[in-house]
Amino acid sequence: MRDEDLWTTHGQAVESAAMSIPSSFDRKPHNIADKINTDFKTWEFHLYIFCLAPALLYNILPECYWANFCKLVRGIQIMSQHTINKEDLEHAYVLLCSWGHEFELIYYQLRQDRLHFIRPCVHQALHLVTETMHKGPPICYAQWTMERTIGDLSQEIRQPSKPYENLAEEGVQRCRVISIYSCIQAN
């Protein structure tokens, strides 16, 4: 992606892909070539990396990089579900272990003097499956779930003079609604 024309074309492809994205994703992603350092939001990176990039980078990245990237994406897609069955968990384990091993070979060639370039999140991905067996799906306890909930509750605060009282009331109302849903589903 060092070629300016290729990067510009890729950015336009990201923006054009919006026609294929359901409207439930809030709004279409920006052109990544124009907005990557300014207005590209976290959800846009998530949508780009885990939905668009595998298709848009096909025949752009060399085959070994693209195939390795796709293993990571599919493994993370599986691990991002609210419920994961045993077969999918096993499949994610194979994908993520294979991705991790290939990542080590491709990017730092198992050289100890290059290890400092690798971020801890690369290693953490290898533990997603085993942690899921102990704690449940990451989506149920991960940071982005909590940040989203806090963001949603913050938007519902209507009285800035008493934000904590209002936030507590919003939390109580949500608990009531969830309780009613639970009672309906139980019957």
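Along the backbone of the protein there are nine helices and zero strands. Along the protein, helices and strands appear, N-terminal first, in the series α-α-α-α-α-α-α-α-α. If you line up the protein on its principal axes, its C-alpha atoms span 55 × 40 × 35 Å. Looking at the 187 residues of the protein, the share that counts as buried comes to 28%. Considering only intrachain contacts with a sequence separation of at least 6, the fraction spanning at least 24 residues in the protein is 42%. Summed over all atoms, the accessible surface of the protein reaches about 13,300 Å², with 57% contributed by carbon and sulfur. Each charge class in the protein can be summarised by its mean position, and for the 17 positive and 22 negative side chains these summaries are 3 Å apart.

Our focus in this paragraph is the nonpolar core. By size, the foremost hydrophobic cluster in this structure holds 31 residues, and its most contacted members are Tyr-48 and Met-79. When contributions to this core are tallied by element, the ones reaching two or more residues are helix H1 (4-16), helix H3 (42-56), helix H4 (63-79), helix H5 (86-107), helix H6 (120-125) and helix H7 (128-135). No other element matches the eight residues that H4 contributes to this core. Ignoring sequence-local partners within four residues, the contact set of Met-79 consists of Ile-84, Leu-89, Ala-92, Leu-96, Leu-128, Val-129, Thr-132 and Pro-138.

Let's shift gears to H4. In this model, H4 (17 residues) spans 24 Å end to end at C-alpha, consistent with the 24 Å of a helix rising 1.5 Å per residue. The elements touched by buried residues of H4 are H3, H5 and H7.

Moving on: the environment of Thr-130. Along the chain, the position of Thr-130 falls in helix H7. Expressed as a C-alpha distance, the spacing of Thr-130 and Leu-89, which sit 41 residues apart in the sequence, is 9.3 Å.

Turning next to H1. Over its 13 residues, H1 extends 18 Å from the first C-alpha to the last, a length consistent with the 18 Å expected when each residue adds 1.5 Å. Among the residues making up H1, those that are buried are Trp-7, His-10, Gly-11 and Val-14. The arc that holds the buried residues of H1, viewed along the axis, is 100 degrees, so those residues lie on one side.

In the contact formed by H4 and H5, the axes pass within 8 Å of each other and the chain directions differ by 145 degrees. For H4 against H5, the interelement crossing comes out left-handed. Where H4 abuts H5, its residues Cys-64, Tyr-65, Asn-68, Lys-71, Leu-72, Arg-74, Gly-75, Ile-76, Ile-78 and Met-79 lie against Asp-88, Leu-89, His-91, Ala-92, Leu-95, Leu-96, Ser-98, Trp-99, Glu-102, Phe-103, Ile-106 and Tyr-107. Tallied by class, residues from the contact of H4 with H5 come to 14 nonpolar, four polar and four charged.

Before going further, it helps to spend a moment on the pattern of salt bridges. Counted under the stated rule, the structure contains four salt bridges. Ionic pairing is found between Lys-71 and Glu-102, a salt bridge with its closest N-O pair at 2.5 Å. On the criterion of sequence distance, the pair formed by Lys-71 in helix H4 and Glu-102 in helix H5 is long-range, its members being 31 residues apart. Judged by relative accessible area, which is 22%, Glu-102 ranks as partly exposed.

Note: predicted coordinates in regions of low pLDDT should not be interpreted at a detailed level. Predicted confidence across the protein gives a mean pLDDT of 86, with 94% of residues reaching 70 or more. Ranking the helices and strands of the protein by mean pLDDT puts H4 first, with 96, and helix H8 (residues 143-155) last, with 73.

What counts and how
Residues numbered from 1 in each chain as written. Predicted model: local features only at pLDDT ≥ 70, side-chain atom pairs only at ≥ 80, totals over all residues. Heavy atoms only, no water. Helix = DSSP H or I, 4+ residues; strand = E, 2+ residues; numbered from the N terminus. Buried < 20%, exposed > 50% of the residue type's maximum accessible area, 1.4 Å probe, protein only. Contact = heavy atoms within 4.5 Å. Areas by Shrake-Rupley, 256 points an atom, 1.4 Å probe, with all protein chains shown as cover. Lys, Arg positive; Asp, Glu negative; His and termini not counted. Charge placed at Lys NZ, Arg CZ, Asp CG, Glu CD. Core = buried A, V, L, I, M, F, W, Y, C linked by side-chain atoms within 4.5 Å. Expected span 1.5 Å × (residues − 1). Arc of directions from axis to C-beta. Axes fitted to C-alpha atoms, helices over the stretch in contact; angles between N-to-C directions. Left-handed = near helix turned anticlockwise from the far one by under 90°. Nonpolar A, V, L, I, M, F, W, Y, C, P; charged D, E, K, R; others polar. Salt bridge = Lys/Arg side-chain N within 4 Å of Asp/Glu carboxyl O. pLDDT = per-residue confidence, 0-100.

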